[in-house]
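Report on the structure
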Amino acid sequence: MAIVGKEVKDDEVMVDRISVLPDQLLDRIVDMLPMSDVFRISVLSKRWKCCWTRFGNLDFGEEFFKKYIISRGHNLVSIIDSVMSLHDGPVYRGHLYVRGYDDEEFESLNFTKWIQFLSKNGIKDLSVHTAHMGYVGIPSDIFNCCSLQRLHLFICQLEPSLGFSGFRKLISLELLYCKLPDSLLESMISNSPLLEELVLVDPKPREHFAVDAPNLKSLKLFNFEPTPLCLVEYSKLTTASICSALMIPANKFTASALSKFSSFLPRIENLSTHWTTLASLGAGGVPFRLPTPFKYLEHLELDEFDVVSLDPIFCLLHT
C-alpha cells in the first residue's frame with residue numbers, strides 16, 4: 001500500500017490496518033459499495049478476499065446489467081449462480097434487472113432458484129424489473145419470503161399460493177404492469193398490516209377491487225380499465241395520486257360521493273386526481289362546500305379534467 005503525500009523509506013514497515021478491522025466493520029463498509037465494485041476489493045487485503053461472499057446487497061440492477069452484461073458480454077446466469085453458490089450470510093436486498101432477452105434466455109435465468117435462495121436468506125427488499133415481450137412468471141416461493149419489507153415487481157405475473165397468509169412485515173408494495181388475480185391482489189394488500197406505501201399501475205382488475213390497508217400513508221393508483229376502485233376510509237393517508245374510476249359505499253348520511261370521499265381522507269396533504277376519478281365523484285350530486293373539509297390539504301393537482309368534472313372541481317376549490 002502506498003500513502004499519498006508521504007515518502008516511504010526502504011526500511012519502514014507498512015502496517016496493514018485493513019486486515020485488523022473486525023468482520024462487522026468490514027461488512028458494513030462492503031455493504032455501502034455498489035455491486036460493480038464489490039468483486040474488485042479482494043485485491044486490497046487478504047481479509048477482503050472473501051468479504052464479498054457476505055455481501056447483503058445483491059444488486060444486479062440496471063447499472064450492473066449495462067456495465068457487465070451489455071458492455072462486456074458476461075453471462076448473467078453464470079454470475080448469479082456463482083454468487084448463490086459461494087454466498088455465506090443473510091441477504092437484505094435483492095435487485096434483478098433484465099432486458100433484451102428472448103424466451104429461451106429468460107427461461108435460463110431460473111427465477112425459482114433465485115427466489116428460493118433469497119427466501120432462505122431473509123430477503124427484506126426485493127425488486128424484479130424485466131423488459132420482455134410477455135409477462136415473466138414469478139414462482140410461488142416468493143410468498144415464503146416472510147421477512148419482506150419492500151416488494152417491487154415490473155411486468156411480472158403472480159399466481160395464488162396455497163397457505164399464503166400475507167406479508168406480515170411488508171411496508172412498501174409496487175406492482176407495475178403486473179398480472180395477477182383480483183383475489184390475490186386484495187389478499188396481498190389486506191394481509192399486510194404494516195403496509196404504508198402502495199403503487200399500482202395498470203393492475204387489470206376484472207371486477208371492482210378494494211384497497212384495504214388501515215396504515216396506508218401513500219397511494220398511487222393508475223387503473224386504465226373501467227373497473228372501479230372500491231374506496232374505504234384511510235385515516236393515515238397523506239399522499240394520494242388516483243387515476244381510476246371510484247366506487248364509494250353508500251351510507252345513510254349523504255348520497256354525495258364527493259362528500260364521502262372527503263370523509264374517507266381526513267389526513268390528506270397531497271392529492272392528485274384524473275378526470276375519470278372526478279367523474280366518479282360527481283355521483284349523487286355535488287354540494288357547494290364539503291361537510292368534511294380537507295383540513296390538511298396543501299397540494300391539489302387536477303389532471304385532464306373535462307366539463308363533466310367541473311362541479312366536483314369547483315366544490316374542491318370552494319372548500
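Cut-offs used in this document
Residues numbered from 1 in each chain as written. Predicted model: local features only at pLDDT ≥ 70, side-chain atom pairs only at ≥ 80, totals over all residues. Heavy atoms only, no water. Salt bridge = Lys/Arg side-chain N within 4 Å of Asp/Glu carboxyl O. Helix = DSSP H or I, 4+ residues; strand = E, 2+ residues; numbered from the N terminus. Buried < 20%, exposed > 50% of the residue type's maximum accessible area, 1.4 Å probe, protein only. Arc of directions from axis to C-beta. Core = buried A, V, L, I, M, F, W, Y, C linked by side-chain atoms within 4.5 Å. Contact = heavy atoms within 4.5 Å. Phe/Tyr/Trp six-rings, centres within 6.5 Å; stacked < 30°, edge-to-face > 60°. Axes fitted to C-alpha atoms, helices over the stretch in contact; angles between N-to-C directions. Parallel < 35°, antiparallel > 145°, perpendicular 65-115°, else oblique. Left-handed = near helix turned anticlockwise from the far one by under 90°. Nonpolar A, V, L, I, M, F, W, Y, C, P; charged D, E, K, R; others polar. Pairing = 2+ DSSP bridges.

Going by the annotation in an unreviewed UniProt entry, the name recorded for the protein is F-box domain-containing protein, with Kalanchoe fedtschenkoi given as the source organism.

**What to know about the pattern of salt bridges**
Applying the stated rule across the entire model yields six salt bridges. As a salt-bridge pair, D81 and K113 come within 3.8 Å of each other at their nearest N and O atoms. Residue D81 is located in helix α4 (residues 76-86), and its partner K113 is located in helix α6 (residues 111-120); the two are separated by 32 residues in the primary sequence. Given a relative accessible area of 31%, D81 falls into the partly exposed group. Under the relative-accessibility criterion, K113 is labelled partly exposed at 41%. Note that K217 is salt-bridged to E196, the shortest N-O span being 4.0 Å. Within this pair, whereas K217 is found in the loop between β9 (209-210) and β10 (218-222), its partner E196 is found in the loop between α7 (182-190) and β8 (197-201), the two being separated by 21 residues in sequence. Taking relative accessible area as the criterion, K217 reaches 39% and is therefore assigned partly exposed.

**Here's the deal with α6**
Listed in full, the buried residues belonging to α6 are F111, W114, I115, F117 and L118. Seen from one end, α6 has its buried residues packed into an arc of 155°, which puts them on one side. Directly beyond the C-terminal end of α6, a positive phi value near 70° is found at G122.

**Describing the nonpolar core**
Membership of the largest hydrophobic core comes to 83 residues, with the highest contact counts inside it found for F60, L151, M188 and F261. With six residues, α4 is the largest single contributor of residues to this core. Discounting residues that sit within four places of it in the chain, L151 has contacts with L126, I142, F167, L170, S172, L173, E174 and M188. Among the nonpolar cores identified, the runner-up in size contains five residues, and F154, I155, L176 and V199 belong to it.

**Quick word on unusual backbone geometry**
Although it is not a glycine, I155 adopts a positive phi angle of roughly 55°. In this structure, I155 sits in the loop between β5 (150-154) and β6 (156-157). Phi at D202 is positive, roughly 55°, even though this residue is not glycine. Within the secondary structure, D202 is located in the loop between β8 and β9.

**Some details on the packing of aromatic side chains**
Scanning the entire structure with this criterion turns up six aromatic pairs. Ring plane angle 70° and centroid distance 5.7 Å describe the contact between F60 and W114, whose orientation is recorded as edge-to-face. Note that F60 is positioned in strand β1 (residues 57-60) and W114 in helix α6, a separation of 54 residues in sequence. Ring geometry for F143 against F164: centres 4.5 Å apart, planes inclined by 55°, an arrangement best described as tilted. Of the two residues, F143 is situated in the loop between β4 (136-137) and β5 and F164 in the loop between β6 and β7 (172-176); the sequence distance between them amounts to 21 residues. Note on F143: relative accessible area 8%, which makes it buried. Among the aromatic residues, those joined into a ring-pair cluster are F143, F164 and F167.

**So, the packing of α4 against α6**
In the contact formed by α4 and α6, the axes pass within 11 Å of each other and the chain directions differ by 30°. As far as their axial angle goes, α6 and α4 are roughly parallel. Regarding α4 and α6, the two cross each other, and that crossing is left-handed. For the pair α4 and α6, contact is made by I80, D81 and M84 and by K113, W114 and F117, respectively. Partitioned by chemical class, the residues of the contact of α4 with α6 number four nonpolar, no polar and two charged.

**Thoughts on the pairing of β7**
Working note: regular strand, side chains alternate between the two faces of the sheet. The buried fraction of β7 is high, at four of five residues. Here β5 runs beside β7; their pairing, made up of five bridges, is parallel. Opposite L151, over in β7, you have L173 as the bridge partner. For β7 and β8, the ladder comprises five bridges, and the chain directions are parallel.

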